[in-house]
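Here is what each chain is made of, one letter per residue.
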Amino acid sequence: MQSKIHHILLFSFLSFLCIQAGFAQDIKPKKKVVLPAKNKKNTLKKDSLLTKQQPDTLKLDTITKPKSTIVSKITHNADGYILQDARKKTVVLFNKAHVTYEDIDLKAGYILIDNKKNTLFARGFKDSLGYQQRPVFKQDGQESEQDSILYNFDTKKTIIYGIKTNQAGMITYGEKTKRVNDSTIFIRDIRFTTSEKKNPDYYIFTKKAKLVPGKKIIVGLSNLVIADVPTPIAIPFAYFPMTETRSSGFIIPTWGEASGQGYFLQNGGYYLALNDYIDITLLGDVYTNGSWGFRAESNYRVRYKYSGNFGLRYENLIRSVKGFDDYSKSSNFNIRWSHSQDSKSNPNSRFSASVNLGSSKYYRESLNEINTADFLTNTLNSSISYYKNFVGTPFNLNATATHSQNTNTQEITMTLPSLQVNMDRIYPFAGKDGIKKNALQKVSLNYSMKGDYRINTTDAEFFKSDMFKKAKAGIQHNASVNTNMKVFKYFTLSPSANFKEVWNWDYISKNYNQATNSIEVDTIQGFKSFREYSAGLSLGTNIYGNFSFNKGKLKIRHTIRPSISYGYRPDFANKYNQQVQQSANPNDIIEYSPFENGMYGRPGSGLSNSIGITINNVLEAKVASDDEEKESKKITLLNNLNFNTSYNIAADSLRWSPISMTAGTRFFNDKLSLNFSSTFDPYQVNDKGVRIDKFNKGLLRLTNANLSANISLSSKDFEEKKENASTNQNKSNSSQNQFDTFTNNTQTNQSQKNNTTKKAELYKSKIPWTINLAYAVNYIDDGFSNNGIGSNSLMFNGNLELSPKWRVRFNSGYDFKSKGFTYTRLGFTRDLDSWNFSFDWSPFGRNKSYYFRIGVNSSLLSDNLKWDKRSLPDRLLF
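How each quantity is defined
- Residues numbered from 1 in each chain as written.
- Predicted model: local features only at pLDDT ≥ 70, side-chain atom pairs only at ≥ 80, totals over all residues.
- Heavy atoms only, no water.
- Helix = DSSP H or I, 4+ residues; strand = E, 2+ residues; numbered from the N terminus.
- Buried < 20%, exposed > 50% of the residue type's maximum accessible area, 1.4 Å probe, protein only.
- Contact = heavy atoms within 4.5 Å.
- Areas by Shrake-Rupley, 256 points an atom, 1.4 Å probe, with all protein chains shown as cover.
- Phe/Tyr/Trp six-rings, centres within 6.5 Å; stacked < 30°, edge-to-face > 60°.
- Polar contact = N/O pair within 3.5 Å; in protein donor to acceptor, adjacent residues only side chain to side chain.
- 1 Å grid on protein atoms, 1.4 Å probe; cavity = no way out; pocket = protein on both sides within 12 Å on 5 of 7 lines; lining within 4 Å.
- Points joined across faces, edges and corners; volume = space filled by probe spheres on them.
- Nonpolar A, V, L, I, M, F, W, Y, C, P; charged D, E, K, R; others polar.
- pLDDT = per-residue confidence, 0-100.
- Core = buried A, V, L, I, M, F, W, Y, C linked by side-chain atoms within 4.5 Å.
- Patch = residues over 30% accessible without salt bridge, like charges linked within 9 Å, V, L, I, M, F, W, Y side chains within 5 Å.
- Salt bridge = Lys/Arg side-chain N within 4 Å of Asp/Glu carboxyl O.
- Lys, Arg positive; Asp, Glu negative; His and termini not counted.
- Charge placed at Lys NZ, Arg CZ, Asp CG, Glu CD.
- Pairing = 2+ DSSP bridges.

Description of the overall build of the chain
- For the chain, the helix and strand inventory stands at 7 helices and 53 strands.
- Burial status across the chain gives 29% buried among its 878 residues.
- Counted over contacts in the chain with a minimum sequence separation of 6, partners at least 24 positions apart contribute 47%.
- Accessible surface, the chain as shown: approximately 55700 Å² in total, 56% of it carbon and sulfur.

Okay, structure coming up:
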């Protein structure tokens, strides 16, 4: 019996070794091995493993071993346990399991790898907290989260249950998903949303959808669901682009009604993404009365070089009906261009542009323009400039093209172009290494040349050939020499000399016409120039005064900067002026300057031999801290208090010029700023309002005064005060409590009870707010008929946060002279998490209108999933 048991154990052990050897060489147990045997009878009796001459059966396997589809190494780990079954060729990972294979990264609570079927299965697990460690699958930069996943290494296909994926901001939920390949995914019972909440604010539900990762989602019949409530809004099919780069597509227009133009469609068109550097947006407006509008906008950007945007707007407006008295037809346009160069691209040359030109009435008559700042502005300005620095020389060049347009008078001034060459200040007599100690070494030279081609025209002649007929051209040269030196130890003496030369390419000629008994003015084309020079001398110093109060804790410093200057310029008018007869009397002759209409004016007339007086004042305070380690606090009491006037020695009358005064200061940590300016005239005026050479009885007469005050306040300013007060009170209470503890131990327990007693506050909320106030008043007195308040207005704007998601904006003002409100606009905004609600309203005035919008915040659906309503400026709210 023991012998039989011994043979059975030996046979089992040898069989186990054979099985292990078979697994080591990847022999599948289901394969049949054909053994060559000459005698079939003896084959069953003889042990093939014990026969020495028996050939190796592994080498005689007639079945070809299939190649494994797992071509890369699979790495795995888990925090719970790892269970390997060699017979079934499976690996089980539990609790924070992690598997990587090629570009696949998978994390889950439970992962099963089946090497026989070449599949991978992953799921989470349930515990007392719910379903935990849901599988997270990553491949090709795409990430998805699901309830369970089954992946086939052979076909690369995937079946997913309960998927959640985020594609470029579009969050997708699906019940069952089949991944055919890397570029095609089919999903059933799918929900699309941009809400990041666990329970989305809204979603678009559809039964079937096709997803191309990183490109698009194509769905069938879809329904909009808000707060888990299906809405009657449905679409037969939908296309959602999900590319991280820009893509071309149509822009859905908005609709509405205008009393003067009828029904309309606005802001509809096409967006064209040409490449990664430039795009174009084409938009149009159509009205049922025949009015229409067109807009083209483009953005461009080349990294580390330049960026900008360009916009062209045109509107053809028809009002009323043809045949009525109020029928009118007009067209307006506007061109905008902004260009900026990266500072790193070329430090020695720069090109920039800021263009805003067009019809003067565009922003006031446009049916699709609600920009408050543009509506209120009275001027349109443009500038295109190019700057070039010539390295190694003191010269630089600046070429600009400018445009200035007054929308009230419709007058336009343009320079096409303005060329300026500047020479940086040089010191020809400076010592070695640029040392400048004495007056000779401080002598500096400066030169500039400016050439302009200027056009003055109006809206009616803008962009027409007639506007070039009034163009003027000229060049002006300026050169100066300056130096400075110390005199009498505390004074600085600064002499200077200036030279100016002007070139004109046209000038005027006046002739007397006997037939009409008038002077005729002719503009003659040709070169004509004039030159003038001047010299000056200034003397200035600084005077400091210090005052101490409260035993030195408060110090006031008064700085006075007086200066006196002398300027001399000869009379150049006599050299260039010409004479003309002005009546039938041959002796009735007057002088005129041929440069009267020149761009840079005429030569200086009359001898100028004047003395200028200027006094500047600054008043500062310094408060010492009780803590010696802390620095003293500086307070500016008066930013400036300046006086300026001049006295012309060469004049035969009215030698004193009006005295101008400016002052400015700030209070309450720069929250409030005050600025004041005024002009005083020492001379009287006659009954016609003309100044005469007689001093006022009161010495000075106020002719002009301006006062402006600006203050910015917010709720944070008052919260800081409360916090500081609360901190001081707590410190005081703490000290008092400690004192009571030591002096009255018998009442300690009762005191603690009183201190810990709290009152329940049913409602406590902070409402942040900001407000900006600007007050301006102007006084005018010409000494004759015009005196009194010229303007008197208060402007205010700010915002109020009624709750963390409710915000109110306001912008208005009041004109005390006209007794009416200025342009007023109110705005209401509600943050709905994934959605946004806004309402802008101008309740009265010429631009009375409103605009309402509710839509999705995400840029993916903001143009499609929205509803907006607006009224044009001629509409009432209700």
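Read on, since the account is not over.
Thoughts on the packing of aromatic side chains
- Enumeration over the complete set of coordinates arrives at 29 aromatic pairs.
- Ring geometry for Phe-821 and Phe-844: centres 6.2 Å apart, planes at 55 degrees, overall tilted. Highlighted residues: Phe-821 in strand 49 (residues 820-821) and Phe-844 in the loop between strand 51 (835-842) and strand 52 (849-856), separated in sequence by 23 residues.
- Judged by its relative accessible area of 52%, Phe-821 is exposed.
- Here Phe-844 falls in the partly exposed class, since its relative accessible area comes to 37%.
- Taken together, the ring pairs connect Tyr-775, Tyr-814, Phe-816, Phe-821 and Phe-844 into an aromatic cluster.

A look at the side chain of Ser-583
- Among the structural elements, Ser-583 can be located in the loop between strand 37 (578-581) and strand 38 (589-592).
- The class for Ser-583 is buried, based on a relative accessible area of 19%.
- Within the structure, the side chain of Ser-583 is placed 2.8 Å from the side chain of Asp-588, a separation counted as a polar contact.
- Once you skip the residues sitting within four places of it in the chain, Ser-583 turns out to touch Tyr-512, Asn-517 and Asp-588.

Re empty space enclosed by the protein
- Taken as a whole and assessed by the stated rule, the structure comprises 5 cavities of 30 Å³ or more.
- There is about 130 Å³ of room inside the largest cavity.
- Elements with a contribution of two residues or more to the lining of the largest cavity: strand 8 (136-139), strand 9 (142-145), strand 11 (158-167) and strand 12 (170-181).
- In terms of residues, the lining of the largest cavity owes the most to one element, strand 11, which gives 4 residues.
- The residue inventory of the lining of the largest cavity, partitioned by class, reads 6 nonpolar, 6 polar and 2 charged.

Some points on the confidence of the model for the chain
- In this model, the chain carries a mean pLDDT of 80, and residues with pLDDT of at least 70 account for 84%.
- Least confident of the elements in the chain is helix 2 (residues 40-43), whose mean pLDDT is 40; most confident is strand 42 (residues 672-681), at 93.
- Confidence drops under a pLDDT of 50 for residues 1-65, and excluding neighbours within four residues, the segment shows 21 contacts in the predicted structure.
- Low pLDDT, under 50, characterises residues 731-758; the predicted model gives this stretch 1 contact beyond four residues in sequence or across chains.

Description of the nonpolar core
- With 19 residues, the main nonpolar core has Leu-93, Leu-106, Ile-111, Ile-113 and Leu-120 as its most contacted residues.
- Among the secondary structure elements, those contributing two or more residues to this core are strand 3 (90-101), strand 4 (104-114), strand 5 (119-123), strand 10 (148-152) and strand 11.
- Aside from chain neighbours lying at most four places away, what touches Leu-93 is His-76, Asn-77, Ala-78, Tyr-81, Ile-82, His-98, Val-99, Gly-109, Tyr-110, Ile-111 and Ile-113.
- Core analysis: the second largest hydrophobic core is formed by 18 residues, Ile-187, Ile-217, Leu-224 and Phe-240 among them.

Focus: the environment of Phe-237
- With respect to the helices and strands, the residue Phe-237 is situated in the loop between strand 17 (229-235) and strand 18 (238-241).
- Since its relative accessible area comes to 62%, Phe-237 is described here as exposed.
- Along the sequence, Phe-237 and Gly-220 sit 17 residues apart, while their C-alpha atoms lie 4.3 Å from each other.
- Other than its neighbours up to four places away in sequence, Phe-237 contacts Val-219 and Gly-220.

Description of a positive patch on the surface
- A contiguous patch of positive charge on the surface is contributed by Lys-157, Lys-176, Lys-178, Arg-188 and Lys-208.
- Along the chain, Arg-188 falls in strand 13 (residues 184-193).
- Relative accessible area serves as the criterion here: at 55%, Arg-188 is assigned to the exposed category.

Regarding the pattern of salt bridges
- Under the counting rule described, the total for this entry stands at 19 salt bridges.
- With a shortest N-O distance of 3.0 Å, Glu-145 and Arg-134 are connected by a salt bridge. Of the two residues, Glu-145 sits in strand 9 while Arg-134 sits in the loop between strand 7 (130-132) and strand 8, which places them 11 residues apart along the sequence.
- Assessed through its relative accessible area of 30%, Glu-145 is described here as partly exposed.
- Two residues, Glu-801 and Arg-807, come together in a salt bridge whose shortest N-O distance is 2.6 Å.
- Through salt bridges with shared partners, a single ionic network connects Lys-197, Asp-201, Lys-805 and Asp-833.

Quick notes on a nonpolar patch on the surface
- A contiguous nonpolar surface patch, about 500 Å² in accessible area, is contributed by Leu-282, Trp-292, Phe-294, Phe-310, Leu-312 and Tyr-314.
- Among the elements of the structure, strand 23 (292-302) and strand 24 (306-319) are those that each provide at least two residues to the nonpolar patch.
- With 3 residues, the top contributor of residues to the nonpolar patch is strand 24.
- Its place among the elements puts Phe-294 in strand 23.

Overview of the pairing of strand 46 (residues 769-781)
- Here strand 45 (residues 701-714) runs beside strand 46; their pairing, made up of 11 bridges, is antiparallel. Bridging from a neighbouring strand, Ser-712 pairs with Asn-772 of strand 46.
- Here strand 46 pairs with strand 47 (residues 787-803) via 13 bridges, running antiparallel. Each residue of the ladder has a partner; that of Val-777, found in strand 47, is Asn-792.
- Linkage of strand 46 to strand 47, two consecutive antiparallel strands, is achieved through a turn of 5 residues, within which Gly-783 is found at a positive phi near 75 degrees.

A closer look at the environment of Gln-146
- For Gln-146, the position within the fold is in the loop between strand 9 and strand 10.
- Here Gln-146 falls in the buried class, since its relative accessible area comes to 0%.
- The spacing of Gln-146 and Lys-164 is 18 residues in sequence and 5.6 Å in space, taken between C-alpha atoms.
- Engagement of the side chain of Gln-146 in a polar contact is seen with the side chain of Ser-144, the distance being 2.9 Å.

Examining the pairing of strand 29 (residues 411-426)
- The pairing of strand 28 (residues 395-406) with strand 29 spans 10 bridges and is classified as antiparallel. Note that in strand 29 the partner of Ser-404 across the bridge is Thr-413.
- Between strand 28 and strand 29, which pair antiparallel one after the other, the connecting turn spans 4 residues, and Gln-410 there sits at a positive phi close to 65 degrees.
- One ladder, built from 12 bridges, connects strand 29 with strand 30 (residues 444-458); its direction is antiparallel. What sits directly across from Gln-420, in strand 30, is Lys-450.

Digging into the layout of surface pockets
- Roughly 1600 Å³ of volume is contained in the largest pocket.
- Taken together, 45 residues line the largest pocket, and the ones lying closest to its centre are Leu-860, Leu-861, Ser-862, Asp-863 and Asn-864.
- Looking at the lining of the largest pocket, the elements that each hand over two or more residues are strand 16 (222-226), strand 17, strand 18, strand 19 (249-251), strand 20 (254-258), strand 21 (262-273), strand 52 and strand 53 (866-871).

Section: the side chain of Thr-665
- In this fold, Thr-665 is placed in strand 41 (residues 659-667).
- In this structure Thr-665 comes out as buried when scored by relative accessible area, which is 10%.
- A distance of 2.6 Å separates the side chain of Thr-665 from the backbone oxygen of Leu-637, its partner in a polar contact.
- Setting aside chain neighbours within four positions, we find Thr-665 in contact with Thr-636, Leu-637, Leu-638, Asn-639, Leu-672, Ser-673 and Leu-674.

Overview of unusual backbone geometry
- With an omega of -5 degrees, the peptide bond running from Leu-416 to Pro-417 counts as cis.
- As for its position among the elements, Pro-417 is in strand 29.
- Its identity is not glycine, yet Lys-489 carries a phi of approximately 70 degrees, on the positive side.
- Residue position: Lys-489 is located in the loop between strand 32 (485-487) and strand 33 (491-513).
- The residue Phe-668 is not glycine, and still its phi comes out positive at about 55 degrees.
- On the secondary structure map, Phe-668 appears in the loop between strand 41 and strand 42.

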